[in-house]
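# An overview of the molecular structure
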Amino acid sequence: MMALTRWKYGDREIIVSHKADALTVSLTEQNLVSYDHAGRYLGSYDRGTNIRRGLDNIFQRRWRDGGKTGPTLRQRSLRDDEARVHLEDLRAQVGRLLEDRTAAAAHPATKEVLQRAVDYSYDRLASSARDFSQLYGHIPILPPDQYRALVVQATDGCTYNKCTFCTLYRDKTFHVRTPGEFREHIRLVLDFMGEGLSYRTSLFLGDANAIAITTARLFELVNILHETPALQKALKHGGIHAFMDIYTGTRKTVDDYRKLKELGLRRVSLGVESGDEALLTFVQKPGSRQNVYDVVHSLKAAGVAVVIIFMVGLGGHDFREKHLNESASLAQLLPLSKGDIIYLSAFSPNPQAPYLPLAAEIGLRAMTVDEINTEMQEWKKVLGDTIHGTGAKVVPYSFQRFIY
Ligand code: SF4
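First, a word on scope: everything that follows refers to the structure included in this document. Note that the coordinates shown come from a computational prediction; the quantities given were computed from them, not determined experimentally. (Residues numbered from 1 in each chain as written. Predicted model: local features only at pLDDT ≥ 70, side-chain atom pairs only at ≥ 80, totals over all residues. Heavy atoms only, no water.)

### Quick look at the overall build of the protein chain
We count it as follows: Each helix is a run of H or I in the DSSP string that is no shorter than four residues. Each strand is a run of E no shorter than two, and both are numbered from the N terminus. Our radius of gyration is a C-alpha quantity, and the globule rule it is checked against amounts to 2.2 Å times the number of residues to the power 0.38. Buried means the residue's accessible area, taken with a 1.4 Å probe over protein chains only, is under 20% of the maximum for its type, while exposed means over 50%, and partly exposed covers the values in between. Whether two residues are in contact is decided by their heavy atoms: any pair within 4.5 Å suffices. All accessible areas in this document rest on Shrake-Rupley with a 1.4 Å probe, and a residue is counted as covered only by the protein chains that are shown. For the purpose of counting charges, residues Lys and Arg are taken to be positive, whereas Asp and Glu are taken to be negative. His and the chain ends are not included. For charged residues, the charge sits on one atom: NZ in Lys, CZ in Arg, CG in Asp, CD in Glu.
When its secondary structure is counted, the protein chain shows 12 helices and 17 strands. The globule rule puts the C-alpha radius of gyration for 404 residues at 22 Å, and the 23 Å found for the protein chain is close to it. Summarising its shape, the C-alpha atoms of the protein chain cover approximately 70 × 55 × 40 Å along the three principal directions. Among the 404 residues that make up the protein chain, the fraction classed as buried is 52%. Counting only contacts in the protein chain whose residues sit at least 6 apart along the sequence, the fraction spanning at least 24 positions is 72%. Per element, the accessible surface of the protein chain, about 18,500 Å² overall, is 51% carbon and sulfur. Counting 52 positive and 47 negative side-chain charges, the protein chain places the centres of these two groups 4 Å from one another.

Set out below in structure tokens:
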């Protein structure tokens, strides 16, 4: 559905945009608030400040403030008490709006979503976040183009789990779901999402390396997605996406990828990190440029789009030049085209990961945040020039801004 409703409320005009995926209401002239169809708060925008809520009940606040080199994007998570005040204030405003006689101008379906939003107290959202955590554990990352995907965990964790900079799945033992477990997982996911499912525009086959499972099991699990009526819209609209680490797991042929494409596989995200093999060895990521070349050629020959993720700043000053040059020369060898994306992820060392002590052992000179920002601009230019004319895009992103 798509309904745009305007009505006079006191001395201002309320505008509600009720679309097929979500509902947005302007409570004041400067304020926009969005809810999914279940009435869960998605986020709001108010005079230059953006607040987004994740299903884990993290409220992220983002704003820009002036710096010497221009406005800088800032971000912090709200404390529980701040998030509660923020949410309850919006709830009260929407509640008053619904009670006003002028609300009669709104479509009944629109009023129903607004009523659901009022029913979602902060405590109820916190309880929903506990259900989310029981269902998924933790979803630590998705590629930026998939933040609105419905995650369906064909696997738990990462097949490899030993890259020295990465702690994303350290607390999980890798496990491939059986068809029975996967069906039950999907049933619970749909139950959890409820009407909010319409906000999810594609399917992301989690966790870190779902494409690496044996070909027969992968087909079995993907076919379960097709058997599930509630998933048909996302399958048709955004298709299936997944991470793949390229170096581990079962190799697939072009024919396998072609069949997966027929079953809806749209784009595969490859955590390449660097085209510099010495740097990959240092961070204990197995594999080679040849592996990347082979996998990307196979996927593209099957008509599946790719995301290549490079980690800018990895290896600090010591690897800087080779990291950039060899990543660019690798990108040049890949048959990239429209629909493919190169993501440049700003490296931010996790103190819990083995990377920092290992870097200290060899006296590696790390880059500061400002240096990585400058480096990011250089990568954007060099990689942009390298793939110019292919139709693929180069997009810098910050892993810290992930919210699900
Ligand atoms: S970077 Fe990827 S392959 Fe390496 S441990 Fe992390 S999730 Fe696994």
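### Quick look at the packing of helix 1 (residues 80–99) against helix 3 (residues 122–136)
Stated precisely, the cut-off is as follows: The axes are straight lines fitted to the C-alpha atoms, using for helices just the contacting stretch, and the angles between their N-to-C directions are given from 0 to 180°. Angles are sorted into four bins: roughly parallel if under 35 degrees, roughly antiparallel if over 145, roughly perpendicular if 65 to 115, and oblique for all others. Three classes are used: nonpolar for Ala, Val, Leu, Ile, Met, Phe, Trp, Tyr, Cys and Pro, charged for Asp, Glu, Lys and Arg, and polar for all others, with Gly counted as polar.
Where helix 1 contacts helix 3, the axes come no closer than 9 Å and their chain directions differ by 125°. The orientation of helix 1 relative to helix 3 falls into the category oblique. Residues Asp80, Ala83, Arg84, Leu87 and Glu88 of helix 1 form the contact with helix 3, whose participating residues are Tyr122, Asp123 and Leu125. The class makeup of the residues in the contact of helix 1 with helix 3 is four nonpolar, no polar and four charged.

### Section: the sheet that holds strand 1 (residues 3–9)
To be explicit about the condition: Strands are treated as partners if at least two bridges between them are detected by DSSP.
The eight strands are arranged 1-2-3-4-5-6-7-8 in an open sheet whose pairing can be described as antiparallel. Because the sheet does not close on itself, it has two edges, and the strands there are strand 1 and strand 8 (72–77). With direction set aside, neighbouring strand axes in the sheet form an average angle of 15°. As judged from the seven bridges shared by strand 1 and strand 2 (residues 12–18), these two strands associate in the antiparallel manner. Its bridge partner lying in strand 2, Tyr9 is registered against Arg12.

### Examining empty space enclosed by the protein
In plain terms, the rule: For each structure, a 1 Å grid was placed over the protein atoms alone; sets of points admitting a 1.4 Å probe that cannot get out are labelled cavities, open sets with protein on both sides within 12 Å along at least five of seven lines are labelled pockets, and lining residues have an atom within 4 Å of a point. Grid points are joined across faces, edges and corners, and a volume is the space filled by probe spheres set on the points.
For the structure shown, the criterion picks out two cavities of 30 Å³ or more. Considered as a void within the structure, the largest cavity measures approximately 40 Å³ in volume. Lining the largest cavity, in full, are Ile139, Pro140, Ile141, Leu142, Val151, Tyr169, Phe204, Gly206 and Asp207. For the lining of the largest cavity, the residue count by class is seven nonpolar, one polar and one charged. Computed from the structure, the second largest cavity encloses a volume of approximately 40 Å³. Lining the second largest cavity, in full, are Leu205, Ile211, Leu218, Val222, Ile240, Leu260 and Leu265. Classifying every residue of the lining of the second largest cavity gives seven nonpolar, no polar and no charged.

### A look at the pattern of salt bridges
Oppositely charged side chains can form a pair if their charged atoms are brought close together. Note the cut-off: Salt bridge, as applied in this entry: a Lys or Arg side-chain nitrogen positioned within 4 Å of an Asp or Glu carboxyl oxygen.
Throughout the structure, instances matching the rule amount to 25 salt bridges. Its salt-bridge partner being Asp81, residue Arg79 comes within 3.1 Å of it at the nearest N-O pair. Judged by relative accessible area, which is 48%, Arg79 ranks as partly exposed. Note on Asp81: relative accessible area 41%, which makes it partly exposed. When the shortest N-O distance is used, the salt bridge between Arg217 and Glu220 registers 3.6 Å. One end of the pair, Arg217, and the other, Glu220, are both in helix 5 (residues 215–227), three residues apart, so they sit about a helical turn from each other.

### A short note on the sheet that holds strand 12 (residues 202–206)
Where strands meet in a sheet, backbone hydrogen bonds hold them as pairs that are either parallel or antiparallel. Spatially, the seven strands line up as an open sheet ordered 9-12-13-14-15-16-17, and their pairing is parallel. Sheet topology places strand 9 (149–153) and strand 17 (393–397) at the edges, where each strand pairs with a single neighbour. For this sheet, the mean angle separating the axes of adjacent strands, direction not counted, is 25°. Where strand 9 meets strand 12, five bridges bridge the pair, whose relative direction is parallel. Directly across from Val152, in strand 12, lies its bridge partner Leu205. Taken strand by strand, helix 9 (residues 289–301) contacts strand 13 (240–244), strand 14 (265–273) and strand 15 (305–312), and its axis lies near 170° from that of strand 14. Sitting on the sheet, helix 10 (residues 316–333) is in contact with strand 14, strand 15 and strand 16 (341–346), with an inclination near 170° to strand 15.

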